[in-house]
Structure formats: C-alpha cells, structure tokens
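Architecture at a glance
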Amino acid sequence: MTAHILILAAGRSSRMGGKDKLMERVHGQPLVCHVARAALATGCPVSITLPPETDAFGAARRQALAGLDVTVQMVTDPSQGMAASLVAGLASIPPEGAVLILLADMPDVTMQDLAKMLDRHQSDPTAILRGASQSTPGHPVLFPADLRPDLARLSGDEGARPVLTRHAGRVVLVPLPGRHALTDLDTPAEPHAQIVDAGHEQAPRGPQHQLAAVGEQFLAQHGVPAEQVVEQLADLAAERPHD
C-alpha cells in the first residue's frame, strides 16, 4: 500500500515573537504551502494538521492551503504537544499503511528527499527510516504500518521519540543532501535556507547552524567516532519542541 505523508503544522510558533513562521515566504509562497507542494509532488496522499479555524494562525494557514489536494485535520488543543498533533493526524489516515511524518517548518526538504525515503521504504518495508545529514539523524521519519498503534498511543511533547527509542534496532538513517534533514525555522534570528522571493539566494545560517558546523569540524579533526554521539543526537532531535 502507498505510504501516506503527514505534515505536522499545528504548532503556535511560540519562539517567533508573535509571527507565524509557517507563513514566512519561501519561493514566493508561504512555507506551509512550500512544504505541502513538495509532499504532493511525490504522488502520495497528503494530510496536514492545523490549529482550529478559530485560531488566527489556523485560519491563515488553511486559507493559504486552499486549492491544494491535502486532507486537513484540525487539532483541538495544539498546546498539548506534538504527540496530540501526531495522533490527530493519524486519525485521518487509513491504518494499514506506512506514514512519513514531515515537520512543516523544514524549508530545505525537497520532493526528491521525500521520494528517496519512499523508494527506500519499498525495498526495506519493515525499517523505520529517518532522514539524516551525514550521520546526524533528523527529519522526516517514515514509520512502517505495524508501528501505527504505537504512534496512536503517544502523548506529551516528545513527539515520536518513545517509539524511536523502543524500536531503535529498526532505525535506518537515510542521508539527505547538505543539512536538509536538520534545517528548521525556529526564531526570527535564525533564518531558514531563506530562498526568498528576491534573488533566491541562501542567507547566512543562524547561530545554531554555525555551532553545528563547528561541532562537525571538531569531530573530524580529533578523530572522534561519529557513532559515539549519534544516539545522543538522535534523542535531542526527536525531542525538539513542536511549536
């Protein structure tokens, strides 16, 4: 059965100083549309979670998505955490298929990245596939159909971390170009891969991305085996707050 893509877009952008990060413009369109179009281009069915329409962010995001062939699932109380958004989104997806979970604030993830993960699923259908930049795990994450019950029981703001931990032996990293698996838009001072309308040029990375680059260089220079830090990095990436 064809995998289903679930985009989590019900967060409140709490670190954006009142701005909605998912309405920031990328390639001439709101980020939420940019991510949705990349997902739709794979040919897979796509669902997306949003805040209620009574919420200003929810209404704006739904209006921005008008005309796109996505199934919208409202999350009654997004403040309950990422798991609430995930569980609500899963409720709108047929239970017998795999699900690829995509965070809506990751502007660098492309249709080709998603297609690579979906193709890998065809050849390795029992693996949990996790997008990675070199050896650092990130997003998206594809869960096989047999783990859907585990995902449906999640709660809190840890996202799918408990499922990843419980089934760590099934996790397979799928290398994506550059920092596609890690780049997100979290704060106004931390620009995304800012493919803005004018020039479509990449802006300088924010402090977190610069620090990550320095860390990677340090590991390489001092011969520290990447496997020693991968598990800790996986935990940190999986528990990233959903906002």
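Located above this text is the structure these notes cover.
Report follows, based on the coordinates. (Residues numbered from 1 in each chain as written. Predicted model: local features only at pLDDT ≥ 70, side-chain atom pairs only at ≥ 80, totals over all residues. Heavy atoms only, no water.)

1. Re the sheet that holds strand β9 (residues 171–175)
The strand order across the open sheet formed by seven strands is β5-β4-β1-β6-β8-β7-β9, and the pairing between neighbours is mixed. The outermost strands of the open sheet, each flanked by one partner alone, are β5 (71–74) and β9. Averaged over neighbouring strand pairs, the angle between their axes works out to 30° when direction is ignored. With four bridges connecting them, strand β7 (residues 128–133) and strand β8 (residues 136–143) associate as antiparallel partners. Residue pairing across strands places R130 opposite V141, the latter belonging to β8. The strands touched by helix α3 (residues 82–90) within the sheet are β1 (4–8), β4 (46–50), β5 and β6 (99–103), with β1 carrying the most contacts at an inclination of about 145°. (Pairing = 2+ DSSP bridges. Helix = DSSP H or I, 4+ residues; strand = E, 2+ residues; numbered from the N terminus. Axes fitted to C-alpha atoms, helices over the stretch in contact; angles between N-to-C directions. Contact = heavy atoms within 4.5 Å.)

2. Overview of the nonpolar core
Counting residues in hydrophobic clusters, the biggest one holds 54 residues, and the most contacted among them are I5, I7, L102, F143 and L151. A total of six residues in this core trace back to one element, the largest contributor, which is helix α1 (residues 31–40). Aside from chain neighbours lying at most four places away, what touches F143 is A98, V99, I101, I128, L151, A160, V163 and L164. (Core = buried A, V, L, I, M, F, W, Y, C linked by side-chain atoms within 4.5 Å. Buried < 20%, exposed > 50% of the residue type's maximum accessible area, 1.4 Å probe, protein only.)

3. Brief notes about empty space enclosed by the protein
One pass over the full model with this rule turns up two cavities of 30 Å³ or more. In this structure, the largest cavity encloses a volume near 120 Å³. Among the elements of the structure, α3, β6, β8 and α6 (161–166) are those that each provide at least two residues to the lining of the largest cavity. Ranked by residue count, the leading element in the lining of the largest cavity is β8, at three residues. Looking at side-chain class alone, the lining of the largest cavity contains 10 nonpolar, two polar and two charged residues. (1 Å grid on protein atoms, 1.4 Å probe; cavity = no way out; pocket = protein on both sides within 12 Å on 5 of 7 lines; lining within 4 Å. Points joined across faces, edges and corners; volume = space filled by probe spheres on them. Nonpolar A, V, L, I, M, F, W, Y, C, P; charged D, E, K, R; others polar.)

4. With respect to the pattern of salt bridges
Counted under the stated rule, the structure contains seven salt bridges. Put simply, K19 and E24 hold a salt bridge, and the shortest N to O gap is 3.2 Å. A relative accessible area of 42% places K19 in the partly exposed class. Between D124 and R120 there is a salt bridge; the shortest N-O distance is 3.9 Å. (Salt bridge = Lys/Arg side-chain N within 4 Å of Asp/Glu carboxyl O.)

5. Looking at the pairing of β1
Within β1, five of the five residues are buried, which leaves the element mostly enclosed by the surrounding structure. Burial along β1 is two-sided: H4, L6 and L8 facing one way and I5 and I7 facing the other are all buried. In terms of strand pairing, β1 meets β6 through five bridges, oriented parallel. The residue of β6 that forms the bridge with I7 is L102. Summarising the sheet, β1 and β4 pair through four bridges and their orientation is parallel. Note that in β4 the partner of I5 across the bridge is V46.

6. As for the pairing of β7
Most of β7 sits out of view: six of its six residues are buried. Burial along β7 is two-sided: the face carrying I128, R130 and A132 and the face carrying L129, G131 and S133 are both buried. Two elements, β7 and β9, share five bridges in a ladder whose sense is parallel. By the bridge assignment, R130 is partnered in β9 with L173. Remark: two residues form the turn of the hairpin made by β7 and β8, two consecutive strands paired antiparallel; Q134 in that turn has positive phi of roughly 55°.

7. Here we look at α1
An α-helical turn contains 3.6 residues, so any two residues separated by three or four positions project in the same direction. The element α1 is largely enclosed, with a buried count of eight among its 10 residues. When α1 is considered as a whole, its buried residues turn out to be L31, V32, C33, H34, V35, A36, A38 and A39.

8. So, unusual backbone geometry
If a residue is not glycine, its phi is most likely negative; likewise, a peptide bond is most likely trans. The linkage connecting H139 with the following residue, P140, adopts the cis geometry, with an omega of 5°. Checked against the element boundaries, P140 lands in strand β8. In this model, Q134 sits at a positive phi of 55°, which is unusual for a non-glycine residue. Residue placement: Q134 occurs in the loop between β7 and β8. Look at Q134 and you get exposed, because its relative accessible area is 63%.

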